[in-house]
Amino acid sequence: MKNAASGFGVWAAVWVLALALPWQAARAGEADKSPSSDWVTPAIAGYGKVHPRPDAAVQPDPAADYRIFVRVTDDGKHPRERLHALDRLARLVNLMAVSKVPASHVHIVALLDGEAALASATDEVYHHFTKVAKNPNLPLVHALRQAGVELLVCGQALAMEKLPDSAVVPDVTVSLSALTDTVVYGQKGYSYLEL
């Protein structure tokens, strides 16, 4: 009787495995279809990491031409840290790259407005205003410019923050104002984003 019971246990285990293996194989196939867990920075190395999703329902069209006007703002509360909005701007550039949109089809104009204007300041001026030795935004500002992003700073914000034009690094151009820039670029067909 003992051998019959143990024989039944072996057959029951085999039966459970026979039922479970196809289910496990199906689950493994689903895992193969899931998006990559890797984070990449294809256009701006080290900034704005993106998670590729070639399976996503909505994707930028590599054949389309994209014109995007981005207003970058900040609350000025964390002068020792890089602006989160600038990192998101880098993510936008990287998302276009990971979607295989050629850089020649991506036209991004980013305007530093309000307290975000300080992100365009030289280290010396940044230190004067914040007591932080170096402007943590400058490496990313430079990387964005190298990636083709046109960077502007609102001239009215500079005046409000008491920053002279000479305080602005060469990667950034002083514009008249965020109010007029939004209208000018809107008439040129640029989509508006605020970060």
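Relevant structure appears above.
**Digging into the side chain of Ser-99**
Then step 1. As for its placement among the helices and strands, Ser-99 is situated in the loop between helix 2 (84-98) and strand 2 (106-112).
Then step 2. The class for Ser-99 is buried, based on a relative accessible area of 13%.
Then step 3. Those residues in contact with Ser-99 that lie beyond four places of it in its chain are Gln-59, Pro-60 and Pro-62.

**A closer look at helix 4 (residues 138-146)**
Then step 1. All buried positions along helix 4 are accounted for by Leu-138, Leu-140, Val-141, Ala-143 and Leu-144.
Then step 2. The inward-facing, buried residues of helix 4 abut helix 2, helix 3 (123-130), strand 3 (150-154) and strand 4 (172-175).
Then step 3. One or two steps after helix 4, the chain reaches Gly-148, where phi turns positive at roughly 100°.

**Quick look at the nonpolar core**
Then step 1. Core analysis: the biggest nonpolar cluster contains 49 residues, and Val-72, Leu-86, Leu-89, Ile-108 and Leu-144 have the highest contact counts within it.
Then step 2. For this core, the leading source of residues is helix 2, giving seven residues.
Then step 3. Beyond its immediate chain neighbours, meaning those up to four positions away, Leu-86 contacts Val-72, Leu-112, Ala-119, Asn-137, Leu-140, Val-141 and Leu-144.

Parameters at a glance
Residues numbered from 1 in each chain as written. Predicted model: local features only at pLDDT ≥ 70, side-chain atom pairs only at ≥ 80, totals over all residues. Heavy atoms only, no water. Helix = DSSP H or I, 4+ residues; strand = E, 2+ residues; numbered from the N terminus. Buried < 20%, exposed > 50% of the residue type's maximum accessible area, 1.4 Å probe, protein only. Contact = heavy atoms within 4.5 Å. Core = buried A, V, L, I, M, F, W, Y, C linked by side-chain atoms within 4.5 Å.

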